[in-house]
Amino acid sequence: QDNEMYHFLCILDSDDIMHPTRIAEQTFAMLSLAYQNNLHLCEKTLMGCQFDRIPYDSTWHYSQWANSLSNERLYLEKFRECTLIQPTWFLSAKWFERLGGYVEAPVS
C-alpha cells in the first residue's frame, strides 16, 4: 500500500494568489491521511486552504470570513455557504473523475 502513486488536482482561480508551498503542503497533508477499509483516505478527501485575492482587498469581508473558520465553524457554516472555497480545492484526480468532474451544461 505504501508504494501506491496518487495523482492530485490543485484548483486555482486567476484572481487568487498561489502560495509557493501550497502544493507541497496539501500533498503532504493528503498523503498523511490514514487508510480505512484498505482505501487511502486521500482518495475520498476534498481539501481546502486559506487564500488571498488579487487585488488583495477585492472581497476582504468574504475572504476574512472564509480564512478564519475554525473546524467547528467549517462544519456548521456548510448549511449557509460552501466553506471549502473552490479555488483552494485539492483532491485526487480519481475521486474527481468518479464524482463526474465539472459539468458545464446540463445533459438533456
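The coordinates are above.
Here the residue index of a chain counts from 1 through its sequence in written order. Where totals are concerned, whole chains, interfaces and linings use all residues; where local detail is concerned, this predicted model gives features only for residues with pLDDT of at least 70, and gives and counts side-chain atom pairs only at 80 or more. Excluded from the side-chain calculation are hydrogens and water; included are all heavy atoms of the structure.

What is the right way to read the overall build of the chain from this model?
For the chain, the count of helices and strands is four helices and seven strands. Principal-axis analysis of the C-alpha atoms gives the chain an extent of 45 × 40 × 30 Å. In the chain, which comprises 108 residues, the proportion classed as buried is 29%. Look at the contacts in the chain between residues 6 or more apart in sequence, and 62% of them connect residues 24 or more apart. Accessible surface computed for the chain: about 7,900 Å², of which carbon and sulfur atoms make up 56%. Per the convention used, a helix needs a DSSP run of H or I reaching at least four residues, while a strand needs a run of E reaching at least two, with both numbered from the N terminus. Classification of residues uses two cut-offs on accessible area relative to the type maximum, computed with a 1.4 Å probe and protein chains only: under 20% is buried, over 50% is exposed, and between them is partly exposed. Should any heavy atoms of two residues lie within 4.5 Å, those residues are counted as being in contact. Residue-level accessible areas treat just the shown protein chains as cover; the underlying method is Shrake-Rupley with a 1.4 Å probe.

Explanation requested: helix α1 (residues 22-31) in the structure shown.
Think of an α-helix as 3.6 residues a turn; residues three or four steps apart then line up on the same face. Considered for burial, the residues of α1 that qualify are Arg 22, Gln 26 and Met 30. Projected down its long axis, α1 shows its buried positions confined to an angular sector of 60 degrees, all on one face. Among the exposed residues of α1, those pointing more than 90 degrees away from its buried face are Ala 24, Glu 25 and Phe 28. Where α1 is buried, its residues meet β1 (8-10), β4 (39-40), β5 (46-47) and β7 (90-92). By arc we mean the arc of the directions from the helix axis to the C-beta atoms, nothing more.

I would appreciate a short explanation of a nonpolar patch on the surface in the present structure.
Patch definition: residues with relative accessible area over 30% and no salt bridge; like charges joined within 9 Å; nonpolar side chains (Val, Leu, Ile, Met, Phe, Trp, Tyr) joined within 5 Å. The working definition used for a salt bridge is a side-chain nitrogen of Lys or Arg within 4 Å of a carboxyl oxygen of Asp or Glu. Nonpolar side chains collect at one region of the surface, where Tyr 75, Leu 76 and Phe 79 lie side by side and expose about 370 Å² of accessible area between them. Among the secondary structure elements, Phe 79 is positioned in the loop between α3 (71-76) and β7.

Just to check I follow, could you spell out the nonpolar core for this structure?
The nonpolar side chains of soluble globular proteins are, as a tendency, buried together. In this structure, Tyr 6, Phe 8, Met 30, Cys 42, Met 47 and Phe 90 together form the largest nonpolar core, which totals six residues. Not counting residues up to four positions away in its chain, the partners in contact with Tyr 6 are Leu 31, Tyr 35, His 40, Cys 42 and Glu 43. Joining through side-chain atoms within 4.5 Å is the link that ties buried Ala, Val, Leu, Ile, Met, Phe, Trp, Tyr and Cys residues into a set, and such a set is a nonpolar core.

Looking at this model, I keep getting lost on the environment of Gln 50. Mind explaining?
With respect to the helices and strands, the residue Gln 50 is situated in the loop between β5 and β6 (52-53). The class for Gln 50 is exposed, based on a relative accessible area of 53%. For the pair Gln 50 and Lys 78, spaced 28 residues apart in the sequence, the C-alpha separation amounts to 16 Å. Discounting residues that sit within four places of it in the chain, Gln 50 has contacts with Asn 67 and Thr 88.

What is the right way to read the layout of surface pockets from this model?
To locate leftover empty space, one rolls a probe as large as a water molecule over the atoms. Estimates place the volume of the largest pocket at around 170 Å³. Both cavities and pockets are sets of points on a 1 Å grid over the protein atoms alone; in a cavity a 1.4 Å probe fits but cannot get out, in a pocket the set is open with protein on both sides within 12 Å along at least five of seven lines, and lining residues sit with an atom within 4 Å of a point. Along its surface, the largest pocket is lined by Gly 48, Cys 49, Gln 50, Phe 51, Ala 66, Asn 67, Leu 69, Leu 74, Thr 83, Leu 84, Ile 85 and Thr 88. Think of it as three bins: nonpolar holds Ala, Val, Leu, Ile, Met, Phe, Trp, Tyr, Cys and Pro, charged holds Asp, Glu, Lys and Arg, and polar takes everything else, Gly as well. When the residues that make up the lining of the largest pocket are grouped by side-chain class, the tally is seven nonpolar, five polar and no charged. Grid points are joined across faces, edges and corners, and a volume is the space filled by probe spheres set on the points.

Could you clarify how one ought to interpret the packing of aromatic side chains in this entry?
Pairs of aromatic rings are described using the distance from one ring centre to the other and the angle between the two planes. Two rings belonging to Phe, Tyr or Trp (six-membered ring only in the last case) form a pair when the distance between their centres is within 6.5 Å. Interplanar angles under 30 degrees mark stacking, angles over 60 mark edge-to-face geometry, and anything in between is tilted. Overall, the coordinates contain three aromatic pairs when judged by the stated rule. Among the aromatic residues, ring-to-ring pairing joins Tyr 6, Phe 8 and Phe 90 into one connected group.

Explanation requested: the sheet that holds β1 in the structure shown.
One key point about sheets: their strands pair by backbone hydrogen bonds, in either a parallel or an antiparallel sense. With antiparallel pairing, the three strands of this open sheet are ordered in space as β1-β7-β5. In this open sheet, the two strands that pair with only one neighbour each are β1 and β5. Two elements, β1 and β7, share three bridges in a ladder whose sense is antiparallel. Among the inter-strand pairings, Leu 9 is bridged to a residue of β7, identified as Leu 91. Whenever a helix is involved, its axis is fitted only over the stretch in contact; in every case the axis is a line through C-alpha atoms, and angles between N-to-C directions fall within 0 to 180 degrees. Against the sheet, α1 makes contact with β1, β5 and β7, and its axis sits at roughly 140 degrees relative to β1, the strand it touches most. For two strands to be treated as a pair, DSSP must find no fewer than two bridges joining them.

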